[in-house]
Structures are given as structure tokens and as C-alpha cells.
Amino acid sequence: MKNGKILVTGGTGYIGSHTVVELIEAGYEVEILDNLYNSKIEVLDKIEKITGVKPKFYKVDLKNYDDVLKVFTDTKYDAVMHFAGLKAVAESVEKPLEYYENNIGGTVNLLKAMVKNGVKRLIFSSSATVYGDQGVAKLDESMETGKGITNPYGRTKYMIEEILKDVAVSDKEFEICILRYFNPIGAHASGLLGEDPNGDPNNLMPVVMRVAAGRIPKLLVYGDDYPTRDGSCVRDYIHVVDLAKGHLVALENISGGVKIYNLGSGVGTSVFEMIKAFEKESGEKLPFEVVGGRSGDLAELIADPSLAYKELGWKTELNTADAMRDTLNYLKNN
Ligand code: WQD
């Protein structure tokens, strides 16, 4: 599908924007739909600085079906990459209806507009949270999902996966690839793109970045008495550029029905190890204080990424040290 026309929802966001860059550099014609709730319009200029191309942009909220439909009138897309969605776990517990309306309602509107315009290829940004608590650290795609999910955000991702499976059953022309992310970190090597959420961040690395930038006095480490090698939680951190490249490979290999892949490194890193990695790269101590555990946090979550390697030939090439280097470079530039 080289040089195909791709609509990227959430394309000014953290993972979406890095994926837009990889798509353009691979020769695709990209258009972006985003409501700018958790991103900034200036990202378009940064994409242009990196690639020389400023993608066509639609400031559209997926909750507004008529506006979504209009996006499909001017361009016959070959595929859609769907990143747009609310993703703050704690916020989803406080505002479940906002998450269900936005993430699920928005996805249904997108799918309806795609069907109406004969666009039947979709790559969906899902999450390891759909696995819930499997009682084991290493997660693979054969495991049952949907049980023990601790928050509405994770449930929206699970429910959307089920909706996509139903759509594929109802319409054999659909080709769907569900990509389950583990913990995206890092930034584009140019220093122009990175994780820059609006409002207060929830995830570890954006908080670390705010501490390093002096915007937050210290990192609160949520618990150091977990059954892990150093007591802090272990996660599978994946460089956002590796993640973006995974989307490209998924697009190039998309085929009928629904395919599901974990996108992770297969390597676990603890919170304390992340702090040490950041300090090593920055050459400065990162102030932190250990506090009580965060509800819903599991001790260890690591991808088994072997299926993506076996079927797509994809695996991560960058590591946490690369991610810390690129994060610091992004910090310096923004
Ligand atoms: C990582 C570790 C925390 C912040 C998220 C969400 C969702 C998903 C990515 C896409 C945990 C610890 C964190 C802090 C800390 N996105 N931590 N102090 O919890 O694995 O889940 O994964 O789907 O955003 O599901 O990621 O970055 O929030 O936390 O100690 O200020 O860092 O306890 O162990 P998590 P995270």
C-alpha cells in the first residue's frame, strides 16, 4: 500500500505524531484528525520541520459524527490509524461516562464513517491494560482479556477491541490490526517531538520530565514493597519511535480479519531502575520520595513480543538509555 492515503486520528498526540513522521518518511500521504484536547497544533509545524511535509489537518472531535463524516468526503483513504482517545487511568475512574462517550462513542462514529465511505483498513491503538491481572508478568496475545481490568480507560480499550472483532465478522472486507502498547517513552531524535501532555501527567516519564525541568519538586514513587527485584513496579518501556515503526510494519502487512500484536520490548525495568537510567543520562540526581502504592497498579507487566517478530518481523531496536537520551534532548528543545 506504499504511497497510500492514511488518516491518522490523534495524529498531533505523542504516539500519533511520531507515527505520522514514520508514515510520511515511508512515502505515505497522511492527513490528521485531532480535537487538540491533549496536544498542540504546533506539532504540525514540527512534523513539517522533520519531514518537509505539513499534513492536512482537521480539528474534529470524533464525538461529532457529522464532522467526522465530512473528513471522508474529500479524500479516499486507504487506511485509518486510530490513536485518538482519552488515556488517563485515574481520570477515567472519576469520569467514566466521559471516557465511554469519547473513546467508544468516538470510535463507533469513526467506524460508521469508514463503512459509509468504503474505507475498511484500520490499525487500532490498544493497550496492555486489556489483559487485566493475569497473575503472571509476561503477557501474550493468546491470553483472555477483559477480566480484572482496574479502570474505565482500560475497559474502553477492551470494549473497542470487541467492537472491532464484531465489525470484522459483519463485514469480511474489513482488515483490522490491534496493537497493544506497553509503556511508551522517549522522543524523536530531532528533539522536536516528545511527550507533552496538557495538564497534569499521570505516566512516569512525563512526571520525571516535569521534575527534571523543575516544574514539580520531586517524583513520588508509588510503592517500594512490591514482590519485584527492588520492590518497585516493573514495566515494559518501549521507545516511541520503535512503537511508531511497529505501526508502519503492521500497515504494510495488514490482511483480512483481526490481527492482534503486543508492541513491547520484552524487557522489564523497575521504577528505581528508570530513575537511575535518567540520572545516568542527565548526570543529575532526580529528587524522589517513596509513598504508598497507587491503586490498580500491578507489580510487574512485561510483553511477550514474539508474535510481532514472528509474523511482522518487528522488534524493538532502542532501549531505555536511548529513550532517556532522547527525552532529555526533547526537554532541552522545548
Ligand atoms: C509506570 C510505573 C507506577 C507515576 C499506564 C496506563 C496507560 C497506558 C500506559 C497506554 C508504575 C510508577 C508512575 C509516578 C510512579 N497507556 N509511577 N510515580 O501504570 O504501567 O499504566 O500504562 O495504554 O497510561 O495504563 O504506567 O507510567 O502510569 O506508571 O511511581 O508519578 O511508574 O506506579 O509502576 P502504567 P505509568
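These notes cover the structure that comes with them.

Parameters at a glance
Residues numbered from 1 in each chain as written. Predicted model: local features only at pLDDT ≥ 70, side-chain atom pairs only at ≥ 80, totals over all residues. Heavy atoms only, no water. Near = heavy atom within 4 Å. Polar contact = N/O pair within 3.5 Å; in protein donor to acceptor, adjacent residues only side chain to side chain. Areas by Shrake-Rupley, 256 points an atom, 1.4 Å probe, with all protein chains shown as cover. Helix = DSSP H or I, 4+ residues; strand = E, 2+ residues; numbered from the N terminus. Nonpolar A, V, L, I, M, F, W, Y, C, P; charged D, E, K, R; others polar. Phe/Tyr/Trp six-rings, centres within 6.5 Å; stacked < 30°, edge-to-face > 60°. Buried < 20%, exposed > 50% of the residue type's maximum accessible area, 1.4 Å probe, protein only. Contact = heavy atoms within 4.5 Å. Pairing = 2+ DSSP bridges. 1 Å grid on protein atoms, 1.4 Å probe; cavity = no way out; pocket = protein on both sides within 12 Å on 5 of 7 lines; lining within 4 Å. Points joined across faces, edges and corners; volume = space filled by probe spheres on them.

1. Notes on the site of the ligand
In the vicinity of the ligand lie 21 residues, with Tyr153, Leu204, Arg235, Arg294 and Asp297 positioned nearest. A distance of 2.8 Å separates an oxygen atom of the ligand from a polar atom in the side chain of Ser127. Contacts to the ligand include Tyr222, whose backbone N or O atom sits 2.9 Å from an oxygen atom. For the ligand, whose free accessible area comes to 690 Å², the fraction covered by protein is 92%. Sorting the residues of the shell around the ligand by element identifies helix H7 (204-212) and strand E9 (219-222) as the ones contributing at least two each. For the shell around the ligand, the element with the highest residue contribution is E9, accounting for 4 residues. Considering only residue class, the shell around the ligand consists of 12 nonpolar, 5 polar and 4 charged.

2. Concerning the packing of aromatic side chains
For the structure on display, the rule yields 2 aromatic pairs. Centroid distance Phe72 to Tyr77: 5.4 Å. Interplanar angle 85°. Geometry classified as edge-to-face. The same class applies to Phe72 and to Tyr77, which are both buried. Arranged with centres 5.9 Å apart and planes meeting at 50°, the rings of Phe272 and Phe288 form a pair that is tilted. With Phe272 in helix H9 (residues 271-282) and Phe288 in strand E14 (residues 288-291), the pair connects residues that are 16 residues apart, well separated along the chain. By relative accessible area, Phe272 is classed as buried at 14%.

3. Focus: the environment of Thr269
When you line up the elements, Thr269 lands in strand E13 (residues 269-270). Using a relative accessible area of 11% as the deciding quantity, one classes Thr269 as buried. For the pair formed by Thr269 and Ala303, sequence separation is 34 residues and the distance between their alpha carbons is 12 Å. Beyond its immediate stretch of four places on either side in the chain, Thr269 contacts Arg229, Cys233, Val234, Arg235, Tyr237, Met274 and Thr320.

4. Thoughts on the sheet that holds strand E6 (residues 138-139)
A sheet is described by the order of its strands in space; here 4 strands give the open sequence E6-E15-E10-E13, paired in mixed fashion. Strands at the two margins of the open sheet, each flanked by one partner only, are E6 and E13.

5. Remarks on the environment of Ile302
On the secondary structure map, Ile302 appears in strand E15 (residues 300-303). Of the residues examined, Ile302 reaches a relative accessible area of 9% and is grouped as buried. Sequence separation between Ile302 and Val267 is 35 residues; the distance between their C-alpha atoms is 6.5 Å.

6. Quick look at empty space enclosed by the protein
Left-over empty space is what a probe sized like a water molecule reveals as it rolls over the atoms. Taken as a whole, this structure holds 1 cavity of 30 Å³ or more when the rule is applied. Estimated volume of the largest cavity: approximately 40 Å³. Around the largest cavity, the lining residues are His82, Phe83, Ala84, Gly85, Asn103, Thr107, Phe124, Thr156, Lys157 and Ile160. Mapped onto the lining of the largest cavity, the elements with two or more residues apiece are helix H5 (96-116) and helix H6 (152-170). Among the elements that make up the lining of the largest cavity, the one with the highest residue count is H6 (3 residues). When the residues that make up the lining of the largest cavity are grouped by side-chain class, the tally is 4 nonpolar, 5 polar and 1 charged.

7. Quick notes on the layout of surface pockets
Considering only enclosed or pocket space, the second largest pocket measures out at about 180 Å³ in volume. Around the second largest pocket, the lining residues are Val211, Ala212, Phe278, Ser282, Glu284, Lys285, Leu286, Pro287, Leu328, Leu331 and Lys332. Put simply, the parts of the chain that give the lining of the second largest pocket at least two residues each are H7, H9 and helix H11 (320-333). No other element matches the 3 residues that H11 contributes to the lining of the second largest pocket. Grouping the amino acids of the lining of the second largest pocket by side-chain chemistry returns 7 nonpolar, 1 polar and 3 charged.

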